[in-house]
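Results of the structural survey
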Amino acid sequence: MCCALAAPTLLASVGVEAKVVVESNRVIYAEGTKELSVRTQNAGSGPVLVQAWVSEYGARTPPSESNAPFVVLPPVARVDEGKHQAFRLRAIGGDLPADRESVFTFSLAEIPASPVGEAASSAVVNVIFRNRLKLFYRPQSISKLDSASAIDSLRWSVVPQGHGWALQADNNSPFHVSTVRASITVNGRKTEAANVDMLRPYSKQSFPLPGAASASSGTVTFKYINDHGGDVERTMPLTTN
């Protein structure tokens with residue numbers, strides 16, 4: 001399954017669009033939770049069939065190949081026009097780290113109903129759309145910590161990378177930080193970092209700074225997504241290693 005199983009010209013000719021709306025853009029599952037619901041709604045016209053599952057983060061695998069320690073109920077549901085459907089997530093064990101978050105992907109694959117009668121045509125292709133949400137599993141040992149504290153503990157610096165320079169993020173916290181953009185400003189010159197990605201717990205990650213020079217002072221401005229799904233922008237000073 002994938003997001004689009006047809007060429008763009010075909011998509012335009014049949015006027016296909018996603019119908020299922022997810023009421024959140026991330027899921028946070030605390031250890032000890034019996035089950036957690038993800039609510040969806042069919043905002044389109046006509047019924048759709050929705051399949052839901054959890055997989056390893058970054059893996060584009062079908063449900064049958066997933067090794068993620070979660071079960072989703074119901075795994076498949078018909079959602080009629082204008083109706084809501086809640087998918088219930090349950091953790092089923094697994095050897096997950098006890099000192100930090102783990103991240104998975106919660107997927108919803110949407111299959112529109114096939115046209116019938118005069119509307120049916122051999123030229124019409126049903127396109128499968130997929131919504132992907134980050135699913136964060138938080139062990140009990142960090143349940144009383146504030147995830148926002150991860151932002152304050154970040155350290156940003158400019159480090160050599162190959163023949164150039166990179167922006168290094170040091171996340172010394174048990175939480176993931178869903179960064180989506182970052183740039184540095186040194187002596188009034190702004191440089192955007194490339195390929196900015198989510199920061200993993202207790203790790204250092206580097207993102208290329210095309211055209212940048214070495215910098216021991218200046219600021220970094222970055223945007224991240226908080227627990228509520230909102231975009232937040234912060235500016236912090238660069239540090240030296």
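Because the structure is a prediction, the values reported are computed rather than measured.

We now examine the overall build of the protein chain. The secondary structure content of the protein chain amounts to two helices and 16 strands. Within the span of the protein chain, comprising 241 residues, buried residues form 39% of the whole. Accessible surface, the protein chain: about 12,800 Å² in total, of which carbon and sulfur atoms supply 50%.

Our focus in this paragraph is the sheet that holds strand 8 (residues 102-112). Pairing within the open sheet is mixed, and its five strands lie in the order 2-9-8-4-6. Taken across any chain shown, the strands that pair with only one partner, and hence form the sheet edges, are strand 2 (26-30) and strand 6 (76-79). Looking at each pair of strands side by side, their axes are set apart by 25° on average, direction ignored. Here strand 4 (residues 48-56) runs beside strand 8; their pairing, made up of nine bridges, is antiparallel. Bridge pairing in strand 8 places Ser55 opposite Thr105.

Read from one edge of the open sheet, four strands run 13-12-15-16, paired in antiparallel fashion. For this open sheet the edge positions go to strand 13 (189-192) and strand 16 (231-237), each flanked by a neighbour on one side alone. Averaged over neighbouring strand pairs, the angle between their axes works out to 20° when direction is ignored. Where strand 12 (residues 178-186) meets strand 15 (residues 219-225), seven bridges bridge the pair, whose relative direction is antiparallel. Within strand 15, the position partnered with Ser178 by the bridge is Ile225.

In this section: the side chain of Gln205. Tracing the chain through its elements places Gln205 in strand 14 (residues 203-208). For Gln205, the side chain forms a polar contact with the main-chain oxygen of Met198, separated by 3.0 Å. For Gln205, the side chain forms a polar contact with the side chain of Ser203, separated by 3.4 Å. Apart from residues no more than four positions distant in its own chain, Gln205 is found in contact with Leu167, Gln168, Ala169, Met198, Leu199 and Arg200.

Of the residues in the protein chain, 87% have a pLDDT of 70 or more, and the chain-wide mean is 87. The model gives residues 1-15 a pLDDT under 50, and that stretch makes 26 contacts with residues more than four places away or in other chains.

Time to look at unusual backbone geometry. Following Leu73, the chain continues to Pro74 via a peptide bond in cis, the omega torsion being -10°. Following the sequence through the fold, Pro74 ends up in the loop between strand 5 (70-73) and strand 6. Phi is positive for Asn187, close to 50°, though the residue is something other than glycine. In this fold, Asn187 is placed in the loop between strand 12 and strand 13. What makes Asn187 exposed here is its relative accessible area of 81%. The phi dihedral of Asn195 falls on the positive side, at around 55°, and the residue is not glycine.

Trp156, Leu167, Ile184, Phe222 and Leu238 are the most contacted members of the largest nonpolar core, which totals 25 residues. Elements supplying a minimum of two residues to this core: helix 2 (149-153), strand 10 (155-161), strand 11 (164-171), strand 12 and strand 15. The contacts of Leu238, once residues within four sequence positions are left out, are Trp156, Ser157, Val158, Leu167, Ile184, Val186, Ala215, Ser216, Ser217, Gly218, Thr219 and Val220. Membership of the second largest hydrophobic core comes to 22 residues, among which are Val20, Val27, Val38 and Phe87.

About the cut-offs
- Residues numbered from 1 in each chain as written.
- Predicted model: local features only at pLDDT ≥ 70, side-chain atom pairs only at ≥ 80, totals over all residues.
- Heavy atoms only, no water.
- Helix = DSSP H or I, 4+ residues; strand = E, 2+ residues; numbered from the N terminus.
- Buried < 20%, exposed > 50% of the residue type's maximum accessible area, 1.4 Å probe, protein only.
- Areas by Shrake-Rupley, 256 points an atom, 1.4 Å probe, with all protein chains shown as cover.
- Pairing = 2+ DSSP bridges.
- Axes fitted to C-alpha atoms, helices over the stretch in contact; angles between N-to-C directions.
- Polar contact = N/O pair within 3.5 Å; in protein donor to acceptor, adjacent residues only side chain to side chain.
- Contact = heavy atoms within 4.5 Å.
- pLDDT = per-residue confidence, 0-100.
- Core = buried A, V, L, I, M, F, W, Y, C linked by side-chain atoms within 4.5 Å.

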